[in-house]
Amino acid sequence: VAVYSGREDDARRDLAEALSAGQRCSGHVLMQWTIGTLAFLEVSLGNYQAVVATLGPLVSELEAAPDCTEIVHAWFVPDAIESLVHLGRTAEAESLIDVLQRNGERVDRAWMLAVAARSRSILLAAAGDLDAATRYAHEAMTHHDRLAMPFERARTQLLLGQLELRQRHRDAAAATLQEALATFERLDAALWAARARASLVRTDAQ
């Protein structure tokens with residue numbers, strides 16, 4: 001809750017306590033969720049190097065069992081992918097995207113398909129292929145229609161609005177970003193609301 005609310009100090013204190021407790025009781029699954037939550041805090045703050053360092057052990061476990069990408073086990077993967085792309089480690093990111101997409105298609109999981117498409121959009125945007133990136137962002141939105149996960153939907157909308165902004169589709173970008181912002185504010189996701197507001201400012205500047 002502290003992470004989503006943007007209370008960084010509270011979140012780090014609670015996460016440190018949880019990690020300590022997990023180590024004392026050898027609770028591997030509990031540790032996975034705590035580590036994933038810490039990584040989500042870092043990606044929310046834009047600390048991409050910290051995300052990759054934090055998630056290294058979990059990514060290694062996934063590589064050893066690549067069919068195990070149900071959300072309960074692999075909810076951290078989109079954060080790992082986004083961070084790898086920002087760090088220029090695109091081959092590693094693409095490998096994780098392929099795993100999510102393959103498993104999503106194999107078992108028809110809307111979450112896997114949505115975050116795989118969003119992640120591929122991020123990868124393509126980093127390469128400068130804005131048209132393809134936008135297509136994948138829209139594809140992700142169609143999968144979000146099957147999910148009752150408003151934060152994840154708003155996160156994809158934020159990406160889509162930023163892509164529209166880069167393509168100078170100012171009115172479309174403003175509408176998309178306003179919708180994302182409204183969701184982030186309703187969910188009290190302060191750090192992500194700040195991202196949406198920053199992008200909205202840019203729609204006025206262009």
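Please refer to the structure higher up on the page.
Residue positions are given per chain, counting from 1 as you read along its sequence in written order. Local features are withheld for residues below a pLDDT of 70 in this predicted model, meaning they are given only at 70 or higher, and side-chain atom pairs are given and counted only at 80 or more; totals for whole chains, interfaces and linings count all residues. Note that water and hydrogens are dropped before the side-chain values are worked out from all heavy atoms of the structure.

Novice: Quick rundown of a nonpolar patch on the surface? Include the residues and the values.
Specialist: To count toward a patch, a residue needs a relative accessible area over 30% and no salt bridge; like charges are then connected within 9 Å, while nonpolar side chains (Val, Leu, Ile, Met, Phe, Trp, Tyr) are connected within 5 Å. Note that accessible areas follow from Shrake-Rupley with a 1.4 Å probe, and for residues the cover is restricted to the protein chains shown. For salt bridges, the criterion is a side-chain nitrogen of Lys or Arg within 4 Å of an Asp or Glu carboxyl oxygen. The grouping of V29, W33, I71 and V72 at the surface amounts to a nonpolar patch, some 340 Å² of accessible area in total. Each helix is a run of DSSP H or I of at least 4 residues and each strand a run of E of at least 2, with the numbering of both proceeding from the N terminus. Listed by contribution, the elements that provide at least two residues to the nonpolar patch are helix 3 (28-45) and helix 5 (71-74). Looking at V72, the relative accessible area reads 45%, which means it is partly exposed. Each residue is assigned to one of three classes by its accessible area relative to the maximum for its type, calculated with a 1.4 Å probe on protein chains only: buried under 20%, partly exposed between the two thresholds, exposed over 50%.

Novice: Tell me what's going on with the pattern of salt bridges, and back it up with residues and numbers.
Specialist: Tallied over the entire structure, the rule returns 17 salt bridges. In this structure, E8 and R12 form a salt bridge, with 2.9 Å as the shortest nitrogen-oxygen distance. Highlighted residues: E8 and R12, both in helix 2 (residues 8-25), separated by four residues, approximately one helical turn. When its relative accessible area of 29% is taken as the criterion, R12 is described as partly exposed. The partner of E82 in a salt bridge is R195, with the nearest N and O atoms 3.8 Å apart.

Novice: Pulling in residues and values, what's your account of the environment of V59?
Specialist: Mapped onto the elements of the fold, V59 is located in helix 4 (residues 48-64). Each C-alpha atom, one on V59 and one on Q178, is 34 Å from the other, the two residues being 119 residues apart in sequence. The criterion used for residue contact is that any of the two residues' heavy atoms lie within 4.5 Å. What V59 contacts, discounting residues up to four positions off in sequence, is F76, A80 and L96.

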